[in-house]
Amino acid sequence: QLQLVESGGGLVQAGGSLRLSCAASGRTFSIYGMGWFRQAPGKEREFVAAITWRGGSPYSSDSVRGRFTISRDNAKNTVHLQMNSLKPEDTAVYYCAAAQTAWRIITAAAVSAVYDYWGQGTQVTVSS
């Protein structure tokens, strides 16, 4: 089993920054990659960014590329999502997820079905 706990959400003004963290515990040796998704009220869950656990290869969606940066700290079994230049449309519950099966191509990381474990989510609210 693997447990994921997100932290770092909150309320911020447009143009501001937040740093989300996702701490993994349990069978962390089984992680191939980790990702961040978000879900706004009334909308479907949306891919944000992902990173491979060992190689550290990042991949992000077009909507956040250049503003959000994903990174991982293997020693602490933690993945971070640094979010800069936040916009009101970034308001959502942000979830981290862990995948145990290798992604054939990095773009597969954008598909929620490839993830085996999910955190409980953390709310990010960006005011205009």
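Cut-offs used in this document
Residues numbered from 1 in each chain as written. Predicted model: local features only at pLDDT ≥ 70, side-chain atom pairs only at ≥ 80, totals over all residues. Heavy atoms only, no water. Helix = DSSP H or I, 4+ residues; strand = E, 2+ residues; numbered from the N terminus. Rg over C-alpha atoms; globule rule 2.2 N^0.38 Å. Core = buried A, V, L, I, M, F, W, Y, C linked by side-chain atoms within 4.5 Å. Buried < 20%, exposed > 50% of the residue type's maximum accessible area, 1.4 Å probe, protein only. Contact = heavy atoms within 4.5 Å. Phe/Tyr/Trp six-rings, centres within 6.5 Å; stacked < 30°, edge-to-face > 60°. Lys NZ or Arg CZ within 6 Å of the ring centre and 35° of its normal. Pairing = 2+ DSSP bridges. Axes fitted to C-alpha atoms, helices over the stretch in contact; angles between N-to-C directions.

> Is there a simple way to think about the overall build of the chain in this case?
When you go through the chain residue by residue, the secondary structure sums to zero helices and eleven strands. Secondary structure elements of the chain, listed N to C terminal, follow the sequence β-β-β-β-β-β-β-β-β-β-β. Radius of gyration (C-alpha) of the chain: 14 Å, near the 14 Å computed for a compact globule of 128 residues. When its C-alpha atoms are laid out on the principal axes, the chain stretches across 40 × 25 × 25 Å.

> Sorry, what's going on with the nonpolar core here?
The tendency in soluble globular proteins is for nonpolar side chains to be buried as a group. Grouped together as the largest cluster of nonpolar side chains are 29 residues, with contacts concentrated most on Leu4, Trp36, Leu81, Met83 and Tyr94. Contributing elements (two or more residues each) for this core: strand S1 (2–7), strand S3 (18–26), strand S4 (33–39), strand S5 (46–52), strand S7 (68–73), strand S8 (78–83), strand S9 (92–99) and strand S11 (122–127). The contact partners of Tyr94, leaving out residues within four places of it in the chain, are Glu6, Leu20, Trp36, Phe37, Arg38, Val48, Phe68, Leu81, Met83, Gly121, Thr122 and Val124. Listed in part, the eight residues of the second largest apolar core include Phe37, Ala97, Ala109 and Tyr115.

> I would appreciate a short explanation of the packing of aromatic side chains in the present structure.
Each aromatic ring pair is summarised here by two numbers: the centre-to-centre distance and the angle between the ring planes. Per the counting criterion, the structure on display carries seven aromatic pairs. Here the aromatic rings of Phe37 and Tyr115 are separated by 5.3 Å at their centres, their planes lie at 85°, and the arrangement is edge-to-face. Pair noted here: Phe37 is in strand S4 and Tyr115 is in the loop between S9 and strand S10 (117–118), with a separation of 78 residues, a long-range link. An aromatic cluster is defined as three or more aromatic residues linked by ring pairs; in this entry it consists of Tyr32, Phe37, Phe47, Tyr59, Trp103, Tyr115 and Trp118. Over the face of the ring belonging to Tyr95 we find Arg45, whose NZ or CZ atom lies 4.2 Å from the ring centre. Above the face of the Trp118 ring, Arg45 is positioned so that its terminal group lies 4.6 Å from the ring centre.

> How should I be thinking about the pairing of S1 in this particular structure?
On a regular strand, one side chain projects to one face of the sheet and the next to the other, so that they alternate. What you see with S1 is a clean split: Leu2, Leu4 and Glu6 sit on the buried side and Gln3, Val5 and Ser7 on the side with no burial. Pairing analysis gives six bridges linking S1 to S3, with the strands arranged antiparallel. From the neighbouring strand, Ser7 faces S3, where its bridge partner is Ser21.

> Even after reading the chapter, I still don't get the sheet that holds S1, so can you show me in this structure?
The strands that make up a sheet pair up through hydrogen bonds in the backbone, lying either parallel or antiparallel. One open sheet accounts for four strands, arranged S1-S3-S8-S7; its pairing is antiparallel. One side of each edge strand has no neighbouring strand; the edge strands of this open sheet are S1 and S7. Across the sheet, the axes of successive neighbouring strands diverge by a mean angle of 15°, strand direction being ignored. Pairing analysis gives six bridges linking S3 to S8, with the strands arranged antiparallel. Paired with Cys22 across the strands is Val79, a residue of S8.

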